[in-house]
Structures are given as C-alpha cells and as structure tokens.
Amino acid sequence: MPLDKKYITVSALNNYLKRKIDVDMQLQHVFIKGEISNFKRNMSSGHLYFTLKDGKSHISAIMYKGFAEQLNFDVKNGDSVLIEATVSVYAVTGYNQLIVKNIEPDGLGSLFLKFENLKKSLLQEGLFDEKYKKNIPSYPSKIAVLSAYPSAALMDVMRTLKKRFPVCRVIIFPIPVQGKDAYFKIISTLKFVDELHFNTIILARGGGSLENLWNFNEEALARTIFELKTPIICGIGHETDFTICDYVCDLRALTPTYAAIEATPNIEDMYKHLSMLDGLLKSNMKYKIETLNTRINRLTHFYLFKNPEKLYGDHLQYVSYLQDKISNFMEKRLNNNMVIYTKLNLQLQSQNKVFVSHYQQKIQTYENLLKINFHNKLKANRNNLSMLISKLNALSPLQTLERGYALVKKENQYVSSIDDLNNEDNVSIYLKDGYVKATIYKE
Amino acid sequence: MEKMTFEQAIKRLEEIVDLLENNETSLDDSVELFQEGVQLSRYCSKKLGNVENKVSKILIDGQLEDFDVEVENNE
C-alpha cells in the first residue's frame, strides 16, 4: 500500500459528493420532465418515493410530506410529469436523487388538471346547482346566437333554427372562439346581449382540442355565464367535449345543432299539436252537444210530457167524486131539515091558535066580570049615599035651632059648658035665623 | 288575447280542451270556452303563419345586416 496514497472512507466520499452538489446553485432549482415509475407512498411518514425516467435514464426521487400534501392530482406510474426539484445525493447509497417540490402533469395533462380544479371549486361554490338553472322558453320570439363568423357551427345553428322555428327572430353576434384572450370578447358580448331582452342565448362553437376550446374553461367566462339574466344554451364541441361553460350554462347541448334544437320547438310539431287541439276542441264540443241533445230527447219523450192529462186525470176524477158526494150530502141534509121545518111550522101554527082563543075567552070573561062588578059597586054606593043624606038631615043642628035651641061661640069655638066661660067674655049666639053678640055676666 | 304569447295561448287552449272534455262544465260555460278556444286556435295559427318576414340578422361592426340561411330539405 503506497504511503503517498490517501484513502478515504465511502461515507467521506459520499458526503463530499453530497456537499459538492448541494452547493451547486444550478442544481438547487431544476425543472425536469419524465415519466413516473416505481411510485410508492410511505404510509407512516407520508413521503412519496418514485423513479423519474425517460427512454434511456432514470433517477430516484423523493417528495416530502409537506409538499406531497399540496399536490392537486393523483400521481401514478406512467404519468408524464413536469417536476420542480432540488438535486441531491443520498449519502448512504451515494445515489443522486431529486428532492421534489412540485409535480404537474405534462402538456394536456396540465390543462386537464386546471380544468378539473376549476370545475371542482366552482362546483363547491354552487355555480352548477340545478336551482340556478333558468328554464329555456318553449316558444322564443327572439334568440341571440353567439358564435364564430363564418363558421360551420354557426351555419348548423342557423339552419336548424330556420328549419324548426322560422317565426323566431334571430340575431347573430360574432365572437372569436379560440386564441389567447378570446374569452374577454365573449364576456363583453354576453354582457351586452344580456341587456337586449332576448328570450334565449345560444353560445356555439364547433369541435376542437382541449387547447382550442380552452377559452370556454376560463373562470371569468364561467362567472359571466352564471350571472346572466337571459337563459343560455351552450353547444360547444362534440358530444365528448366538456367545458366549464357546459356545466355553468342553463342547458348543455351536445353540439351546436342540438343547441338550436333545444332552443326551439319544431314548427311542424306545433302545427300538429295546434291542429290536434283544434280538433279536440271541436269534437269535445260536438260530443257535449250530442250528449245534451240525447238528454233533451229522452226528456221530451217522457210519457207525462206526451200525455200531460195523466198528470191530473186521477185528481179530476177524485174531485168529481167529491163533488157528487157533497151534493148528495147537501140534498139529503136539506130534505131532512125541510121535513123538520114543516113539522115544526105546523106545530107552531096549531099551538098558536089554541093559545090565542084561550086568551080571547079569558079576556071576554074578565070584561063581563068587570062590567057586572062595576054596576054592583055603583048601585051600592048610590044606596049608601041616600042613606047617609037622610042620616045627615036627621043629625043637622039646623033642625035643632029650628026648634029654638041656640049655639054659643067664643073666639070661634063652640062652647058646651059654663066652665068655659068667664065674666065679661065676648061671645056670639047663633039662632035659626042668624046670630047676636053678647057679654057674659057671671054671678 | 293580443298580448298573449304563443306559449300562453297554447296553454290556455289545452286547458279549454280539458275543460270541455270534463262533463261537469255547464253548457253556457262550454259555449263560452268553445268560442275562446276557437279564437285562441286562430290566434296561434296566425302566429305560426307569420313566417316570411322574419329574416335573421348579424351584427357586423356595430351594424345589423341581413343574414340569409338556406335550408335544404334533403333529409
């Protein structure tokens, strides 16, 4: 072993290499593209390990947990990727390795990722919610078409509109549909058209690659479409092409032609529908009238209407029966009363005669009696009177005076005793031929 | 009715057809509905008939120009 040769350890060498590389500024920040292989994730640490390769060479790579967590796509073997990394040497093995800071899908992959991310965030924000979707008018009178002019897509839309619903007024607003920043013009045109009170807006573009269609994946355009007051139908690309506009618009049509179909009714169908309604209108009315006519006929032929006398025939008979009954009854009653009356009348007449003659006789009797009594009484009174006159004559004082007797009157009173006379009383003394005055002288 | 959109007119016509089909509608009401229906039907077909004068336009440099569309019936 020559003494002038200085031997170092493997680890010293590896550490030396590691230091050399770590201080190289070029290697601190490298951009590499390649394909992923041997991909694995350490479940406990969260670090990612894989090999990046191209057709000829490969290099191992590690992505620490902190960076790995910020990845927004799923890394898998076979992915073509763009990597941002630091080159280092793993001292234990002496292998070069990449300390990866970011991984992005290469080329289309990266656009697709961007698309997916925007779609995800707008979805979460609710821009695709059904509740925001406006109804597309069934019978539009004014449609705005936004498309490239001239373009096959525009012609598809216009031909379809004209064929299906020529009564509708259509105005085309040409827009650029590809190239950088074309979406700015699309946004301003949409905002302008939104103020013009169209029933529907059709946004149409023919098929193209993801890059060609990219303007329709711009967030600003998506937000403009979301804010529109006018219902909008998107017909962008082919059936398999999906853009953010397709998700955010009110109705996604598979192609421009379908967009025109969705926007309009078919006038032929409408004619058919209208004539069907017209026919139904008339046949329903006709049926209604026929039904009513049948009912009227049935009612008109109702037997009572035909023979109205049946309505009162029975009653008539009953009334005449009652009339007969009542007149029979009355006649009978009258006859009975007549008999009673006659009988009573006769009775009354005979009784009256008896009564009158009885009282006439009585009156006659009393009259005779009265006459006889009156005569008797008169005769008696006459006899009595003559007797009284002779009695009176016998008793009269004048007869006494004739025989020489006198009457003495004192103060107009006859005096019958001397006791009634006092000395010097003035008296009158009546004699048969007059009177004289005298004064008493008592001894 | 002049203010009705085609859509409203068709909807009302459909409603009337249903009402007439219904036996509970009185004759007087039916006659009125029928008259309205006939008017609506005429109105709708008139609206559909107004085809010729609808020419599409295109906005070019701020000016509206006619835009002719050929429709070939080769389906």
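Rules behind the numbers
Residues numbered from 1 in each chain as written. Chains lettered and ligands numbered in written order. Predicted model: local features only at pLDDT ≥ 70, side-chain atom pairs only at ≥ 80, totals over all residues. Heavy atoms only, no water. Helix = DSSP H or I, 4+ residues; strand = E, 2+ residues; numbered from the N terminus. Buried < 20%, exposed > 50% of the residue type's maximum accessible area, 1.4 Å probe, protein only. Contact = heavy atoms within 4.5 Å. Areas by Shrake-Rupley, 256 points an atom, 1.4 Å probe, with all protein chains shown as cover. Pairing = 2+ DSSP bridges. Phe/Tyr/Trp six-rings, centres within 6.5 Å; stacked < 30°, edge-to-face > 60°. Lys NZ or Arg CZ within 6 Å of the ring centre and 35° of its normal. Axes fitted to C-alpha atoms, helices over the stretch in contact; angles between N-to-C directions. Left-handed = near helix turned anticlockwise from the far one by under 90°. Nonpolar A, V, L, I, M, F, W, Y, C, P; charged D, E, K, R; others polar. Parallel < 35°, antiparallel > 145°, perpendicular 65-115°, else oblique. pLDDT = per-residue confidence, 0-100. Buried area = accessible area lost by both parts, 1.4 Å probe. Salt bridge = Lys/Arg side-chain N within 4 Å of Asp/Glu carboxyl O.

### Some thoughts on the overall build of chain B
1) Next: Counting its regular elements, chain B contains two helices and two strands.
2) Next: For chain B, the N- to C-terminal ordering of α and β elements is α-α-β-β.
3) Next: A buried classification covers 29% of the 75 residues belonging to chain B.
4) Next: Sequence-distant contacts, at least 24 apart, represent 48% of the contacts inside chain B between residues at least 6 apart.
5) Next: Counting only carbon and sulfur atoms, one obtains 43% of the accessible surface of chain B, whose full area is about 5,200 Å².

### Focus on the sheet that holds strand β13 (residues 426-431) of chain A
Residue and element names in this part refer to chain A.
1) Next: Spatially, four strands are ordered β12-β11-β13-β14 in an open sheet, and the strand pairing comes out antiparallel. Two strands bound the open sheet, and with one partner strand each, they are β12 (413-414) and β14 (434-439).
2) Next: As paired strands, strand β11 (residues 407-410) and β12 are joined by two bridges and run antiparallel to one another. By the bridge assignment for β12, K409 is matched with Y414.

### Examining the packing of aromatic side chains
All names here are of chain A.
1) Next: Summed over the entire model, instances satisfying the criterion amount to twelve aromatic pairs over all chains.
2) Next: For the ring pair F355 and Y359, a centre distance of 4.8 Å and an interplane angle of 55° mean the geometry is tilted. With a gap of four residues between them, F355 and Y359 both fall in helix α12 (residues 313-395), about one helical turn apart.
3) Next: A relative accessible area of 48% places F355 in the partly exposed class.
4) Next: Between Y430 and Y435 the ring centres are 5.2 Å apart and the planes differ by 35°, which places this aromatic pair in the tilted class.
5) Next: When its relative accessible area of 24% is taken as the criterion, Y430 is described as partly exposed.
6) Next: Aromatic ring contacts, followed pair by pair, group F115, F128, F242 and Y247 into a single cluster.
7) Next: Here K142 stacks its cationic end above the ring of F198, 5.2 Å away from the centre of that ring.
8) Next: Stacked on the ring of F242, the Lys or Arg R252 has its end atom at 3.7 Å from the ring centre.

### Remarks on the packing of helix α1 (residues 6-21) of chain B against helix α2 (residues 27-49) of chain B
Residues and elements named next belong to chain B.
1) Next: Relative orientation of the contacting elements α1 and α2 amounts to 150°, with a least axis distance of 9 Å. Two packed elements cross with a definite hand, and for α1 against α2 that hand is left-handed. Counting all contacts with α1, which are made through F6, A9, I10, R12, L13, I16, L19 and L20, the residues of α2 involved are S30, L33, F34, E36, G37, L40, S41, Y43, C44, K47 and L48.
2) Next: Looking at side-chain class alone, the contact of α1 with α2 contains 13 nonpolar, three polar and three charged residues.

### Thoughts on the packing of helix α10 (residues 267-300) of chain A against α2(B)
1) Next: Contact geometry of α10(A) with α2(B) gives a least axis separation of 10 Å together with a crossing angle of 160°. One element, α10(A), and the other, α2(B), form an angle in the roughly antiparallel class. In this structure, α10(A) crosses over α2(B), and the sense of that crossing is left-handed. Contact residues: A:I267, A:M270, A:Y271, A:L274, A:D278, A:L281, A:K282, A:M285, A:K288 and A:L292 in α10(A); B:L27, B:S30, B:V31, B:F34, B:G37, B:V38, B:S41, B:C44, B:S45, B:L48 and B:G49 in α2(B).
2) Next: Partitioning the contact of α10(A) with α2(B) into residue classes produces 13 nonpolar, five polar and three charged.

### Quick notes on the confidence of the model for chain A
Any region with low pLDDT has predicted coordinates that should not be read closely.
1) Next: Confidence along chain A averages 89 in pLDDT terms, with 98% of residues attaining 70 or more.
2) Next: By mean pLDDT, the top-scoring element of chain A is strand β8 (residues 200-205) of chain A (96), and the lowest-scoring one is helix α13 (residues 397-402) of chain A (77).

### Some words on the pairing of strand β2 (residues 48-53) of chain A
Residues and elements named next belong to chain A.
1) Next: Bridge analysis of strand β1 (residues 30-41) against β2 gives five bridges, and the strand direction is antiparallel. Looking at the pairing, R41 lines up with L48 of β2.
2) Next: Hairpin connection between β1 and β2: a loop of six residues separates the two successive antiparallel strands, and G46 in this loop has a positive phi of roughly 85°.
3) Next: One ladder, built from six bridges, connects β2 with strand β3 (residues 58-63); its direction is antiparallel. Residue K53 lies in a different strand from β3, and its bridge partner there is H58.
4) Next: The turn linking β2 back onto β3 is made up of four residues.

### Focus on the interface of chain B and chain A
1) Next: Every contact between the two is made by 40 residues of chain B and, on the other side, 33 residues of chain A.
2) Next: Summed over both partners, the interface of chain B with chain A buries about 3,400 Å², with 72% contributed by carbon and sulfur atoms.
3) Next: There are zero salt bridges connecting chain B and chain A.
4) Next: Secondary structure elements with two or more residues in the side of chain B that touches chain A: α1, α2 and β1 (57-60) of chain B.
5) Next: Among the elements that take part in the side of chain B that touches chain A, α2(B) stands out by supplying twelve residues, more than any other.
6) Next: Its residues assigned to classes, the side of chain B that touches chain A comprises 20 nonpolar, eleven polar and nine charged.
7) Next: As paired elements, strand β7 (residues 169-174) of chain A and β1(B) share two bridges and run parallel to each other. The residue bridging A:I171 from the neighbouring strand is B:K57, located in β1(B).

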